[in-house]
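Residue-level structure breakdown
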Amino acid sequence: MSSLLTHQNLNRMASLEKGSWTSRTYREAVLKQIKTLIAYDAYCFNTVDPSTLLSTGAVTEDGIEAIHKQLFLNEYMEDDVHKYADLIQSGQYTAILQASLPLRSHPETSSRYANILLPAGIHDELRTVFVDQDACWGHLTLYRKQDAPAFTEEERLLMQHWTASIAFMLRTTRLSLTDELTGKSPDEPGIMLLNTSFEPVMNNAAARYWLSELHRLEQVGHDVLPRPIRAVCSHLLQSAHTSMMTVTEAGAESCAEDGAGQDTETSASDVPAPDHAAQPLSRVCVQLSDGRYLMLHASRMQQPEGTQTGVQPDHIAVWLEQAMPQDVLPLLSERYGLSTRERELLAYVLRSFSSKEIAAAMHISVYTVQDHLKSIFAKTEVSSRRELIWHFVSRFQLSGEL
């Protein structure tokens, strides 16, 4: 049997570096090249944002798409072998599932294998992460069905050799990926006006486009106001109500102090105005079905004092525009009031750095790392790193009402 590790085969991926590719067409070409030497029955090829490891798009097939949610849960919420983050940290970058555990005699050793892959008719997987310049740009999992042989060590070594070239190209095609992600989106932001009963009053063409995308995501009719819009509007009104109650109470206390036992008349100008800067921003970020991120902002609209127009006061304006994956972490961090140092530490946690590695990267002690983590846990209402990672990678919304 001839070896796969020939000079020609080892340089197979390097030949693709000369082509003119988008991120998607490059990944499709890589899959075709791989299949000429390494047989597979299914695949999932993701690009990721290197700062958060959030997916920026996947090339996959229907069989894997059907179990994608289960795989996602396993990746972030269960102990198992060959997690992508673990492969990144290991420096080996490739791993074969069947070669790692006594799966035939004890398949329950891997929850992913026993509960997800085996019921789906999948016998083995070959995982690869693509790291360039100390950052991960994507990961690929190849699958074989139960009637196929397991992946071999030689096949793993060949994939291992290809990782450098593929990682380099995923990084260099990232700009085209940005173009792909934004290519379908409107050039201008969407703007819609609603009354305080959340009934739409008017909107522009871009808003109608984003509304149709939200309807598709939620699989609801066009007469239903999508939940993200209801969420930001509800948050806005609730924040305004809370702020006004605080102001009213402050005004009442001021009257009691200044005019106790007196018949004192207080005007609106005597009551302190709401501190708008202290109010939490009413905005939400959701991931659409095609992988794009949509940001929604809500703001209270009122007539200027003393004017009389046909537009009634107390309307809500909702601004809709696309957000890129790298924008998500700062937005979520802002939502939870994380400090600059906590945000920096969170980025390392999402990339599965250990406390010792975080301490070295941030030039602080391990004890300080633990103190920061306790503060982040308290602010985000989680109790463990795993729960924290899951909270951030699975929930792109910024309001608990979604």
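Within each chain, residue numbers correspond to sequence positions counted from 1 in written order. Totals for whole chains, interfaces and linings use every residue, but because this is a predicted model, local features are given only for residues with pLDDT of at least 70 and side-chain atom pairs only at 80 or more, for both listing and counting. Side-chain descriptors were evaluated using all non-hydrogen atoms of the structure, hydrogens and water having been removed beforehand.

Taking 1.5 Å per residue, 20 residues should reach 28 Å; helix H8 (residues 153–172) reaches 29 Å between its end C-alpha atoms and fits that length. If you look at H8, its biggest bend is around 40 degrees, right at Thr163. Here a strand is any run of E in DSSP of at least two residues, a helix any run of H or I of at least four, and the numbering for each starts at the N terminus. Given a helix with a known number of residues, its expected span is that number minus one, times 1.5 Å. The angle between axes fitted to the seven-residue stretch ending at a residue and the seven-residue stretch beginning at it gives the bend at that residue.

The subject of this paragraph is the pairing of strand S7 (residues 200–203). Pairing between two strands requires that DSSP report at least two bridges joining them. As defined by bridge partners, strand S6 (residues 190–194) adjoins S7 across three bridges and the pair is classed as antiparallel. Note that in S7 the partner of Leu194 across the bridge is Pro200.

What follows covers the side chain of Ser185. Mapped onto the fold, Ser185 is located in the loop between helix H9 (174–183) and S6. There is a polar contact of 2.4 Å between the side chain of Ser185 and the side chain of Gln322. Here a polar contact is taken to be a pair of N or O atoms separated by no more than 3.5 Å, where protein atoms must pair a possible hydrogen donor with a possible acceptor and residues adjacent in sequence count only if both atoms sit in side chains.

Each aromatic ring pair is summarised here by two numbers: the centre-to-centre distance and the angle between the ring planes. The pairing test for Phe, Tyr and Trp rings, Trp by its six-membered ring, is centres within 6.5 Å, and the orientation test on the planes gives stacked under 30 degrees, edge-to-face over 60, and tilted for anything in between. For the structure shown, the criterion picks out six aromatic pairs. When the ring of Tyr40 is compared with that of Tyr43, the centres are 6.0 Å apart and the planes differ by 80 degrees; the resulting orientation is edge-to-face. Take Tyr40 and Tyr43: they sit in the same class, and that class is buried. With a centroid separation of 5.1 Å and 50 degrees between ring planes, the pair formed by Tyr348 and Phe353 is classed as tilted. Just as Tyr348 is buried, Phe353 falls in that class too. The ring centre of Tyr40 lies 4.7 Å from the NZ or CZ of Lys35, which sits over that ring. Lysine and arginine charges are scored as sitting over a ring when NZ or CZ, respectively, is within 6 Å of the ring centre and within 35 degrees of the ring normal. Positioned over the ring face of Tyr84 is Arg127, at 4.1 Å from the centre of the ring. Burial status follows relative accessibility: with a 1.4 Å probe on protein chains alone, a residue under 20% of its type maximum counts as buried, one over 50% as exposed, and anything between as partly exposed.

Attention now moves to the sheet that holds strand S3 (residues 94–96). Here five strands make up an open sheet; going across it, the order is S2-S1-S5-S4-S3 and the pairing antiparallel. Two strands bound the open sheet, and with one partner strand each, they are strand S2 (55–60) and S3. The mean angle between the axes of side-by-side strands here comes to 15 degrees, regardless of whether they run parallel or antiparallel. Bridging between strand S1 (residues 42–48) and strand S5 (residues 135–145) involves six bridges; their strand directions are antiparallel. Bridging from a neighbouring strand, Tyr43 pairs with Leu142 of S5. Lying over the sheet, H8 contacts S1, S3, strand S4 (122–132) and S5, oriented at roughly 40 degrees with respect to S4. All axes are obtained by fitting lines to C-alpha atoms, using only the stretch in contact for helices, and the reported angles, taken between N-to-C directions, cover 0 to 180 degrees. A contact between two residues is defined here by any heavy atoms of the two lying within 4.5 Å.

Note that all results are geometric; they support no functional claim without further evidence.
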